[in-house]
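Observations on the model geometry
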Amino acid sequence: MGCASSKQFSRSAPVHEDPAVLASQTSCEHLMSSLPPSHTGNDGAAADCVTLTDPGCCGCCGCLCGSHGERLYKLYKKLSFSIVKDGLIHKEEFQLALFRNSNRANLFADRVFDLFDLKRNGVIDFEEFVRSLSVFHPKAHISEKTAFAFKLYDLRGTGYIEKEELREMVLALLDEFDLCLSESTVETIVDNTFSQADSNGDGRIDPEKWEEFVKKNPATLRNMSLPYLQDITMSLPSFIMHSEASD
Amino acid sequence: MAENNNSRNIRGRVVQKGYKRPEFDEQYDTTLDDVDAVFNDSEEHHVTEKKEEEPVALNAFELISMSAGLNLGNLFDSEQEFKRETRFTSKCPPKEIVRKIEEAAKPLGFDVQKKNYKLRLEKVKAGRKGNLNVATEILQVAPSLHMVEVRKAKGDTLEFHKFYKNLSKTLKDIVWKSDDVQMQYAA
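An account of the accompanying structure is given in this report. A quick note: this is a predicted structure, and the numbers were derived from the prediction, not measured. Chains are numbered independently. Their residues run from 1 in the order of the written sequence. Written order determines the labels here, with chains lettered from A and ligands numbered from 1. At least 70 in pLDDT is required for a residue's local features to be given in this predicted model, at least 80 for side-chain atom pairs to be given and counted, and no such filter applies to totals for whole chains, interfaces and linings, which use all residues. Heavy atoms from the whole structure form the basis of all side-chain values; hydrogens and water molecules are not counted.

This next bit is on the side chain of B:Glu137. Residue and element names in this part refer to chain B. A run of H or I in DSSP becomes a helix once it reaches four residues, and a run of E becomes a strand once it reaches two; helices and strands are each numbered from the N terminus. Within the secondary structure, glutamate 137 sits in strand E4 (residues 133-142). According to the relative accessible area criterion, glutamate 137 is buried, its value standing at 2%. Of note is the side chain of glutamate 137, whose polar atom sits 3.1 Å from the side chain of lysine 118. Buried, partly exposed and exposed residues are distinguished by accessible area as a fraction of the type maximum, computed with a 1.4 Å probe on protein chains only: under 20%, between the cut-offs, and over 50%, respectively. For the purposes of these results, a polar contact is taken to be a pair of N or O atoms within 3.5 Å, where, inside protein, one atom must be able to donate a hydrogen and its partner to accept one; residues adjacent in sequence count only when each atom of the pair is a side-chain atom.

Residues and elements named next belong to chain B. Between Lys or Arg on one side and Asp or Glu on the other, a salt bridge is scored when a side-chain nitrogen of the former is within 4 Å of a carboxyl oxygen of the latter. The final tally for this structure, using the stated rule, is 25 salt bridges over all chains. Residue glutamate 102 pairs with lysine 114 through a salt bridge whose shortest N-O separation is 3.0 Å. Taken together, the residues glutamate 102 in helix H4 (residues 94-105) and lysine 114 in strand E2 (residues 110-115) connect sequence positions twelve residues apart.

Attention now goes to the pairing of E2(B). Residues and elements named next belong to chain B. When DSSP locates at least two bridges between a pair of strands, those strands are taken to pair. With six bridges joining them, E2 and strand E3 (residues 118-123) adopt antiparallel strand pairing. Counterpart to glutamine 113 in the pairing with E3 is arginine 120. In textbook terms, the turn of a hairpin is the stretch between consecutive antiparallel strands, and for E2 and E3 this stretch comprises two residues, one of which, asparagine 116, has a positive phi near 50 degrees.

Throughout, nonpolar core names a set of buried Ala, Val, Leu, Ile, Met, Phe, Trp, Tyr and Cys residues whose side chains join them through atoms within 4.5 Å. Counting residues in hydrophobic clusters, the biggest one holds 72 residues, and the most contacted among them are A:Phe129, A:Tyr153, A:Trp210, B:Phe61 and B:Leu72. Broken down by element, this core gets its largest block of residues, six residues, from helix H5 (residues 107-116) of chain A. Two domains share this core, each providing at least three of its residues, namely domain 1 (64-136) and domain 2 (141-224) of chain A. Ranked by size, the runner-up nonpolar core spans 23 residues in total, among them B:Phe110, B:Val112, B:Tyr117 and B:Val134. For every domain, the bounds stem from an assignment made automatically or drawn from a database.

Time to look at unusual backbone geometry. All names here are of chain A. Of note, the phi angle at arginine 100 is positive, near 60 degrees, even though the residue is not glycine. The residue arginine 100 is located in the loop between helix H4 (91-99) and H5 in this model. Positive phi outside glycine occurs at arginine 120, with the angle close to 55 degrees. Along the polypeptide, arginine 120 turns up in the loop between H5 and helix H6 (126-134).

Structure (C-alpha cells):
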C-alpha cells in the first residue's frame, strides 16, 4: 500500500500553527462569524475562552480559543503529520493512530475514515475531523450517533443494512479478534440480531427500524461516545450545535 | 430464538437490602448506567427469580462495536496513557469465570459485589484518587464463548492499569483472547 502523494490533492492552503487562523481558513462559518476580532489575531494566546459566555460561537472547531481547544488541534497535527507531512490525515495515518500499524487493513476503520471524509477527497482535514468527532461527544444528541452508526454499518451505502452486510461485519470482527466460530454459530448470532431489528421481516434494516432497535439496545451505541472529548472541549452545548450546518 | 433478554438493561428482580452504593465520580461513566441500574435495585422489593440466569447475550452490533477500528478512543491513547476499559474472551463456563475473577480480586485487596454476571470490585484501601472501583461484566458471544469486560468505574487510571495487569496474570488460564491493542497490533 503506497502512501498517496500530497500533490494529488488540490487543497493548497498552508497549515498554520495558530489554531484560530486555521479555523478562519476552514469553511466553518459558525466559527468565522462568531470569533471576536481579538481572537483572529496571531497570538493564539490562552486567553479566557469567550465562547463560554458567547452563545453565538458554535465551538464546533473544538473551542479553538484558549488552551482547551488547542488540545484537539494538537492531536490533529500529530496525526496529520505522522506519515505524510502535509497536515492532512491520510488513511495510513488513521490506521497508524488506531492500530499502531499503518498497514493494518480493517473494514471498520475504512468505514469510519470514509464517513469522516465528508468531501470525499481521500483525506481528512481539520474541519472534517472536528465535525465528525463532534458526533462522538458524550453530550451530542443520540439521534446523531444513531444516524452515524447506521451509515457506518450500511456498508454499500444502499440506505439499508442488509443481512449480508451484518454477516460480513460479524465475520470481520471475529477475524480481527482471531476468534474461530463455526458457521452455524455465526449464523445464529446474525439471525438472532437481525430478526430482532428487522421488525417487519423484509430482510433489511431501514433507519426507522434501526432507531427502534437502538432504543431497545442502547449498548449498541456505546462506542459512539468518547468521554475524552468531554475532557478536552469546553463549550459543551455549543460543540454540538453545529449539527445543523453539516449536510 | 433469543428474545428481549438480549437487552443490556437487565430487568432482573434481585433484592439486595441494605446495600449502599459507594459514592463515586460519575464524570466519565457514561456507559455504566446499566451496571448501576442493577446495583441500585435496592429500592425495589422484588423476589429473586428462581430460574437460572444466563449472561446477557451481546447482539451482533454490540459485538461489532468492539472492533478497534470503531473505538476512536484509541486515537487519543497516547494522550490518555492508560485505558479505562479492556476485555478478553474466555471459553470457560460463565459461572466459573465469575468465580475465578472473585478469587483473583480478593487477594489483591478488593471487595467483591456480585449480581448475576456483573461484578463490582472495590479496593478496600484508598488510592491516589479514592478507592479504585472496577466494574466487570460477562457477556455471551455464543453459548461456548463469553466476553469479559473490565472497566474502571472510579479512581486512578494508572492504578486500574496495574490492577488489570495483576488480574490478567492470575486469570491467564481462562483467557482465550485478549483485546490489548498494543499486544495484538504492535508492528
